[in-house]
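# Per-entry structural report
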Amino acid sequence: MDVEKIDEIIDGYVDEEGVLIQILLDIQRELNWVPKEAIMEMSRRLQIPISQIYRVASFYTAMSLTPMGRHLVQVCLGTACHVRGAPKILNKVENTLKIKAGETTEDMIFTLRTVNCLGCCAMGPVMVVDEDYHGKMKTSDVNGILERYE
Ligand code: FES
């Protein structure tokens, strides 16, 4: 039996994208972001074009191509939250942390993102810090909540 031939056939069926996602998620978990050097090393080891890895990494919001803060703050700007004052919450968070959505504080403690719906519209406006959901937010709640994570 020609083992090499069998390997060749099996290799052809390996789900390249599935493998890529798993490795990227592991790197994200380990480093809290996916650096360019990691993508270059993946490309070299897996013989997959850098552009393909970037395409996958930028598609998934669970992966970040820029350094992330220790805590991820997400403010929902979906319709239900928007009509209940989410833009004001976002504004307050931005002023408090002195960053805009999509940015990370200089001390690397917080990264701020906006999202379109967190699936708990009745609680709106909603802000999530890491895994903690804060519903019916008021601008006066923002400072107290963020202080808990500093
Ligand atoms: S719109 Fe904010 S949770 Fe659905």
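Here we come to the domain arrangement of the protein chain. Domain annotation of the protein chain identifies domain 1 (3–59) and domain 2 (71–147). Of note, the centres of domain 1 and domain 2, computed from C-alpha atoms alone, are 33 Å apart.

In this section: the side chain of H134. If you trace the backbone, H134 turns up in strand 4 (residues 132–134). In this structure the side chain of H134 is engaged in a polar contact, spanning 3.5 Å, whose partner is the side chain of Y149. Ignoring any residue separated from it by four or fewer positions in sequence, one finds H134 in contact with P125, V126, M127, V129, I145, R148 and Y149.

To continue, consider the confidence of the model for the protein chain. Per-chain confidence: the protein chain averages 91 in pLDDT, with 95% of residues scoring 70 or above. Of all the helices and strands in the protein chain, helix 1 (residues 3–13) carries the lowest mean pLDDT, 71, while helix 6 (residues 86–97) carries the highest, 98.

Another aspect to go through is the packing of helix 2 (residues 16–31) against helix 3 (residues 36–46). It is the contact of helix 2 with helix 3, at a shortest axis distance of 12 Å, that shows an interaxial angle of 145°. As for how helix 2 packs across helix 3, the hand of that crossing is right-handed. Side by side, helix 2 and helix 3 meet where L20, I23, L24 and I27 of the first sit next to A38, M42 and L46 of the second. Residues that form the contact of helix 2 with helix 3 fall into these classes: 7 nonpolar, no polar and no charged.

This part takes up the environment of N143. By the secondary structure assignment, N143 is in helix 7 (residues 139–147). Residue N143 is classed as partly exposed on the basis of its relative accessible area, which comes to 33%. Between the C-alpha atom of N143 and that of A62, which follows or precedes it by 81 residues, the distance is 26 Å. Contacts of N143, omitting those with residues within four sequence positions, involve K92 and T96.

Calculation criteria
- Residues numbered from 1 in each chain as written.
- Predicted model: local features only at pLDDT ≥ 70, side-chain atom pairs only at ≥ 80, totals over all residues.
- Heavy atoms only, no water.
- Domains from an automatic or database assignment.
- Helix = DSSP H or I, 4+ residues; strand = E, 2+ residues; numbered from the N terminus.
- Polar contact = N/O pair within 3.5 Å; in protein donor to acceptor, adjacent residues only side chain to side chain.
- Contact = heavy atoms within 4.5 Å.
- pLDDT = per-residue confidence, 0-100.
- Axes fitted to C-alpha atoms, helices over the stretch in contact; angles between N-to-C directions.
- Left-handed = near helix turned anticlockwise from the far one by under 90°.
- Nonpolar A, V, L, I, M, F, W, Y, C, P; charged D, E, K, R; others polar.
- Buried < 20%, exposed > 50% of the residue type's maximum accessible area, 1.4 Å probe, protein only.

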